[in-house]
Amino acid sequence: MFTLAEVASLNDIQPTYRILKPWWDVFMDYLAVVMLMVAIFAGTMQLTKDQVVCLPVLQSTVNSKAQPSTSGRADFTTVETTTGQGEASSSMRTVSFGSAPTVTPEVPLSRDTSSPYHPTESGQELKKEQKDSSGRKTNLDFQQYVFINQMCYHLALPWYSKYFPYLVLIHTIILIVSSNFWFKYPKTCSKIEHFVSILGKCFESPWTTKALSETACEDSEENKQRLTGAQSLPKYVSTSSDEGSPSASTPMITKSGFKFSADKPMIEVPSVTILDKKDGEQAKALFEKVRKFRAHVEDSDLIYKLYVGQTVIKTVKFIFILCYTANFVNTISFEHICNPKVEHLIGYTQFECTHNMAYMLKKLLISYISLICVYGFICLYTLFWLFRIPLKEYSFEKVREESSFSDIPDVKNDFAFLLHMVDQYDQLYSKRFGVFLSEVSENKLREISLNHEWTFEKLRQHVSRNAQEKQELHLFMLSGVPDAVFDLTDLDVLKLELISEAKIPPKISQMTNLQELHLCHCPVKVEQTAFSFLRDHLRCLHVKFTDVAEIPAWVYLLKNLRELYLVGNLNSENNKMIGLESLRELRHLKILHVKSNLTKIPPNITDVAPHLTKLVIHNDGTKLVVLNSLKKMINVAELELQNCELERIPHAIFSLSNLQELDLKSNSIRTIEEIISFQHLKRLTCLKLWHNKIVEIPPSITHVRNLESLYLSNNKLESLPPAVFSLQKLRCLDVSYNSIALIPDDIGCLQNLQHFYITGNKVKILPKQLFKCVKLRTLSLGQNSITSIPDKIGKLLQLTHLELKGNCLDRLPATLEQCSLLRKSGLVVEDHLFDTLPSEVKEVLNQDTSIPYANGI
């Protein structure tokens, strides 16, 4: 036999789930326990005391005469008379018994004339027996009574009297299972367990306490006074009578290492502005868990449907039990008539039986029906609650009104239903949970943790000097911009990369030296005062983005901006919404650098065309087709069109009369016949046509008389025409990495040549006229087939860089000593060739390194 505790364990749920048990579920659980007690009590009584006691129904004695029979068979007549005290007589019945040897007659039998007893003697004995006994004899022995009692227990009693305890037990177990099935079903159990775990951590998180306390301090003067009075204990923030700190009766919730209880209320101290680092990290993890849980649970409504389903099942079960049980109340009776049809064994056809448990069972049945009715009415109320309001939607409107977190979103589906269930337990849970749904709250936490980690001293250690000797600070993948950054008043360059929640406060006005700002995938929000400072002081801005929408709107309003660098997708062919906004407000913009995948120059660039002096377009290999807007940039002095898949020099360039430098690097230009048109560009001094597919330099290049720098490296040139050497102003000539086999003697005409690069060609002999270019500072002859270096190289007195590595040399000329500015650091040559130089020459070349070494000793 099982105990009550063992059966009640079926109704046990984890203590953590109690916050999801509304009052009706708790009440129904208690009712189920009472019904279990009724079932077990009735079952115990039935097994120990339940029995039926039966007596035969006797017939009245009639005067019968003995009839002789040769076969020895006798007839007996029994007359049914009153049985018991004061019971009514029944009708006369006559039962004839045969000559079965096992039957015991009820009354004295009539004897024949051969009997040895005399009638007078038998009558006297009968009278004597009647005087001694007070009842009527049945002539049944004990075993016959036991037999008939058991027979009549199964035949006379209604089935409900016999199985009532077991039915109650089965029905109660079904109701208990129905009530808690949503806690056990695997697909819902995991979500509920996860939700309760997160809810408990959110409830106990110090960040929740701090956030709500700060909100209360902002909205309530009473809380401000409470801050000054240290004697009064802080209370949980509550704005309604049913939302307060948990009472001592609130059950403790423990799950997987965390515990939150109302036995010891937490004291909130709103004056604390810095969280412990561990608490801050835990709060950050909670925000991430809540975000992922919401995305996982909001997609389905399985928990809601399962709870509605089990409630409907309990309601149907209640109706079923009530309907069939009510019919059996009157069938439970103390007296029963039994006709067992065992006349051949007992000698009687009818028995009157009493059921000793009838009264108790009837009372228990009435009690059970009462409990079921209460249970059913609660089920009906639950259904009313489930369909009265849309439980698949949950609004935090009240929390938004009471707190500063106006961005707490409404939730839906199973997430909403779980919060509705929690509200039936204590609304404070959902209020504290809402803090972790707010982006404002999360940003505040990040800000506090960030400022706690990145102090002024730590930021100062990350400040470095860049190539321009400016103080630079680079912040990468932080949750925001630390406040201490704006205390670095001597900072010149600030780089912010992959900071999604970057904000620039008014404190930036302290950074009077700040002139350059880098925003790499960092959509910065700027307050009005901070924007006014940036508008007046910022000179250079770098913006790297994936979508043009990432470019902050305030960028287009920086009227004193001088340089703007944009790196990202600006191709509007597939999406007409992609594109730069108007640059009209950038009245002082001089340099515009665009690295994108353009097919045409954005029309908005023409807004700054009148005052733009440098335009750089770096494509990613996308062919730049439309270039007509270049004609409007009449003041452009430097133009770079790199990696734009150009096949010829664009005609629009020839209209840029103020152009001084043109860079067409990494295109697909094969011929430059149009170069003759450059004669109209009187100010053009630098022409870069490197990394193309040019096979020949046209003679018309001689008309570009003001050219000072010509870059033709990484092409397919096989020779240098004489026209190149007619450019008397040429200072830099780069023809590296071509297929040139011969340096013409005309190179001596370039008296102003200072830098000559012919690395990576097929040159074998150096002409003597090369050394007439006495102004040469850089001479790159590496990776050729040169076998010897003339001694006349000593005439290049201004030479500072000489590259000879990768040739077929066996020695170096000793006249290198005459190149007074050449040092070993500027001499690129194999070590074994350097060792062939005389010691005095090596000493001169090593002078720049040996002198400091001697001083160090």
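Rules used throughout
Residues numbered from 1 in each chain as written. Predicted model: local features only at pLDDT ≥ 70, side-chain atom pairs only at ≥ 80, totals over all residues. Heavy atoms only, no water. UniProt positions renumbered as here; feature names shortened; annotations may be inferred. Helix = DSSP H or I, 4+ residues; strand = E, 2+ residues; numbered from the N terminus. Buried < 20%, exposed > 50% of the residue type's maximum accessible area, 1.4 Å probe, protein only. Contact = heavy atoms within 4.5 Å. Areas by Shrake-Rupley, 256 points an atom, 1.4 Å probe, with all protein chains shown as cover. Salt bridge = Lys/Arg side-chain N within 4 Å of Asp/Glu carboxyl O. Core = buried A, V, L, I, M, F, W, Y, C linked by side-chain atoms within 4.5 Å. Pairing = 2+ DSSP bridges. Disulfide = S-S within 2.5 Å. Phe/Tyr/Trp six-rings, centres within 6.5 Å; stacked < 30°, edge-to-face > 60°. Polar contact = N/O pair within 3.5 Å; in protein donor to acceptor, adjacent residues only side chain to side chain. pLDDT = per-residue confidence, 0-100. Axes fitted to C-alpha atoms, helices over the stretch in contact; angles between N-to-C directions. Parallel < 35°, antiparallel > 145°, perpendicular 65-115°, else oblique. Left-handed = near helix turned anticlockwise from the far one by under 90°. Nonpolar A, V, L, I, M, F, W, Y, C, P; charged D, E, K, R; others polar. Patch = residues over 30% accessible without salt bridge, like charges linked within 9 Å, V, L, I, M, F, W, Y side chains within 5 Å. Lys, Arg positive; Asp, Glu negative; His and termini not counted. Charge placed at Lys NZ, Arg CZ, Asp CG, Glu CD.

With an unreviewed UniProt entry as reference, the protein is termed Leucine-rich repeat-containing protein 8D, source organism Calypte anna. According to the UniProt record, the Sequence similarities (unreviewed entry) comment for the protein is "Belongs to the LRRC8 family."

Colleague: What's the story with the overall build of the protein in this structure? I'm lost.
Modeller: Looking only at helices and strands, one finds 21 helices and 26 strands in the protein. Every one of the 857 residues in the protein was classed for burial, and the buried ones make up 48%. Taking as baseline every contact in the protein between residues at least 6 positions apart, the subset at least 24 positions apart corresponds to 56%. Looking at the protein as shown, the accessible area adds up to about 43,300 Å², and 53% of this sits on carbon and sulfur atoms.

Colleague: Help me understand the pattern of salt bridges in this model?
Modeller: Opposite charge on two side chains permits them to pair, given that their charged atoms come into close proximity. One pass over the full model with this rule turns up 16 salt bridges. Two residues, Asp410 and Arg400, come together in a salt bridge whose shortest N-O distance is 3.0 Å. Taken as a pair, Asp410 in the loop between α13 (397-402) and β7 (411-412) and Arg400 in helix α13 lie far apart in primary sequence, 10 residues in all. Put simply, Asp490 and Arg460 hold a salt bridge, and the shortest N to O gap is 3.3 Å. Here Asp490, found in the loop between β9 (471-476) and β10 (493-497), pairs with Arg460, found in helix α17 (residues 456-461); they are 30 residues apart in sequence, far enough to count as distant.

Colleague: What is the right way to read the nonpolar core from this model?
Modeller: Burial of nonpolar side chains together is a common tendency in soluble globular proteins. In terms of nonpolar packing, the biggest core is built from 131 residues, with Leu541, Leu630, Leu639, Leu641, Ile653, Phe678 and Phe756 touching the most fellow members. In this structure, Phe756 is in contact with Leu733, Val735, Ile743, Ile747, Leu770, Leu776, Thr778, Leu779 and Ser780, ignoring residues within four places of it in sequence. Counting 85 residues, the second-largest nonpolar core is a separate cluster that includes Leu167, Phe183, Tyr375 and Leu445.

Colleague: What's the story with the UniProt feature "transmembrane region" (unreviewed entry) in the protein in this structure? I'm lost.
Modeller: Within this structure's numbering, the places UniProt gives as "transmembrane region" (unreviewed entry) are residues 27-47, 163-183 and 365-387. Split by type, residues 163-183 is 100% helix and 0% strand. Its first and last C-alpha atoms lie 31 Å apart. Annotated as residues 365-387, this span is 100% helix and 0% strand, and its ends, taken at the C-alpha atoms, are 33 Å apart.

Colleague: What should I look at first to understand the pairing of strand β14 (residues 540-544) in this one?
Modeller: Burial runs high along β14: four of the five residues are buried. Sheet analysis places strand β12 (residues 516-520) next to β14, joined by five bridges and oriented parallel. Note on β14: the bridge partner recorded for His518 is His542. In the sheet, β14 pairs with strand β15 (residues 563-567) via five bridges, with the strands oriented parallel. Its bridge partner being in β15, Lys544 is matched across the sheet by Val567.

Colleague: When you look at the state of the cysteines in this model, what are you seeing that I'm missing?
Modeller: Disulfides are covalent bonds that link the sulfur atoms of two cysteine residues. With the rule as written, the count across this model stands at two disulfides. Across the disulfide from Cys54 sits Cys353; the S-S distance is 2.0 Å. What sets the handedness of the Cys54 and Cys353 disulfide is the S-S torsion sign, and at about 110° it is right-handed. Placement of Cys54 in strand β1 (residues 52-56) and of Cys353 in strand β5 (residues 351-355) is noted, with a sequence separation of 299 residues between them. On the basis of relative accessible area, Cys54 is assigned to the buried category, the value being 2%.

Colleague: Would you mind showing me how to read the packing of aromatic side chains here?
Modeller: Think of a pair of aromatic rings as described by two things: how far the centres are apart, and how the planes are tilted against each other in angle. Applying the stated criterion across every chain, the model contains 25 aromatic pairs. A centroid spacing of 5.0 Å and a plane angle of 65° characterise the contact between Trp182 and Tyr307, whose relative ring orientation is edge-to-face. Of the two residues, Trp182 is situated in helix α5 (residues 159-184) and Tyr307 in helix α10 (residues 302-326); the sequence distance between them amounts to 125 residues. Overall, Trp182 belongs to the buried group, its relative accessible area being 0%.

Colleague: Please explain helix α15 (residues 427-434) as it appears in this structure.
Modeller: Along an α-helix, residues three or four apart share an orientation, since each turn contains 3.6 residues. With seven of eight residues buried, α15 is to be regarded as a mostly interior element. Buried residues of α15: Leu428, Tyr429, Ser430, Lys431, Arg432, Phe433 and Gly434, and no others. N-capping of α15 is provided by Asp426, with a side-chain oxygen placed 3.1 Å from the backbone N of Leu428.

Colleague: How should I be thinking about the confidence of the model for the protein in this particular structure?
Modeller: In low-pLDDT segments, the atomic positions of the prediction should not be examined closely. The predicted model of the protein averages 79 in pLDDT, with 79% of residues at 70 or higher. Taking the mean pLDDT of every element in the protein, the minimum, 35, falls on strand β2 (residues 253-255) and the maximum, 97, on strand β23 (residues 755-757). Scored below 50 in pLDDT, residues 849-857 makes one contact in the model with residues more than four places away or belonging to other chains.

Colleague: Got a minute to help me understand the packing of helix α2 (residues 23-49) against helix α12 (residues 358-388) in this structure?
Modeller: The description of two packed helices rests on the angle between their axes and on the distance between the axes. Contact pair α2 / α12: the axes reach a minimum separation of 10 Å and the direction vectors enclose 160°. Our classification of the angle between α2 and α12 gives roughly antiparallel. In this structure, the crossing between α2 and α12 has a hand that is left-handed. Residues Trp23, Trp24, Phe27, Met28, Leu31, Val34, Met35, Val38, Phe41 and Ala42 of α2 lie in contact with α12, whose contacting residues are Met360, Leu364, Tyr368, Leu371, Ile372, Val374, Tyr375, Ile378, Cys379, Tyr381, Thr382 and Trp385. Per-class residue counts for the contact of α2 with α12 are 21 nonpolar, one polar and no charged.

Colleague: When you look at the environment of Lys503 in this model, what are you seeing that I'm missing?
Modeller: Relative to the elements of secondary structure, Lys503 occurs in strand β11 (residues 503-504). Under the relative-accessibility criterion, Lys503 is labelled partly exposed at 46%. Residues Lys503 and Asp483, spaced 20 residues apart in sequence, show a C-alpha to C-alpha distance of 9.7 Å. When near neighbours in sequence (up to four residues on either side) are disregarded, Lys503 contacts Val481, Phe486 and Lys525.

Colleague: I'm lost on a nonpolar patch on the surface in this one. Help?
Modeller: A contiguous nonpolar patch, built from Trp23, Val26, Phe27, Tyr30, Val374, Tyr381 and Phe384 and spanning about 680 Å² of accessible area, is present on the exposed surface. Elements with a contribution of two residues or more to the nonpolar patch: α2 and α12. At four residues, α2 tops the list of elements feeding residues into the nonpolar patch. The topology assignment puts Phe384 in helix α12. A residue is classified by how much of its surface remains accessible, and Phe384, at 47% relative accessible area, is partly exposed.

Colleague: Explain the sheet that holds strand β4 (residues 335-338) to me, please; I cannot follow it from the model alone.
Modeller: Hydrogen bonds between backbone atoms are what pair the strands of a sheet, whose relative direction is either parallel or antiparallel. Spatially, the three strands line up as an open sheet ordered β1-β5-β4, and their pairing is antiparallel. Each end of this open sheet is capped by a strand with a single partner; those strands are β1 and β4. In this sheet, neighbouring strand axes are inclined to one another by 25° on average, regardless of whether the strands run parallel or antiparallel. Sitting on the sheet, helix α4 (residues 142-155) touches β1, β4 and β5, and the angle it makes with β1 is about 115°.

Colleague: What am I meant to see in the packing of helix α6 (residues 186-204) against α15 here?
Modeller: Orientation of α6 relative to α15, taken along the N-to-C sense of each, is 80°, at an axis distance of 9 Å. Judged on the interaxial angle alone, α15 and α6 are roughly perpendicular. Residues Phe195, Ile198, Leu199, Cys202 and Phe203 of α6 lie in contact with α15, whose contacting residues are Leu428, Tyr429, Arg432 and Phe433. Taken together, the residues of the contact of α6 with α15 break down into eight nonpolar, no polar and one charged.

Colleague: Can you help me understand a positive patch on the surface in this one?
Modeller: Together, Lys768, Lys772, Lys792 and Lys795 line one region of the surface with positive charge. Classification of Lys795 by relative accessible area gives partly exposed; the value is 47%.

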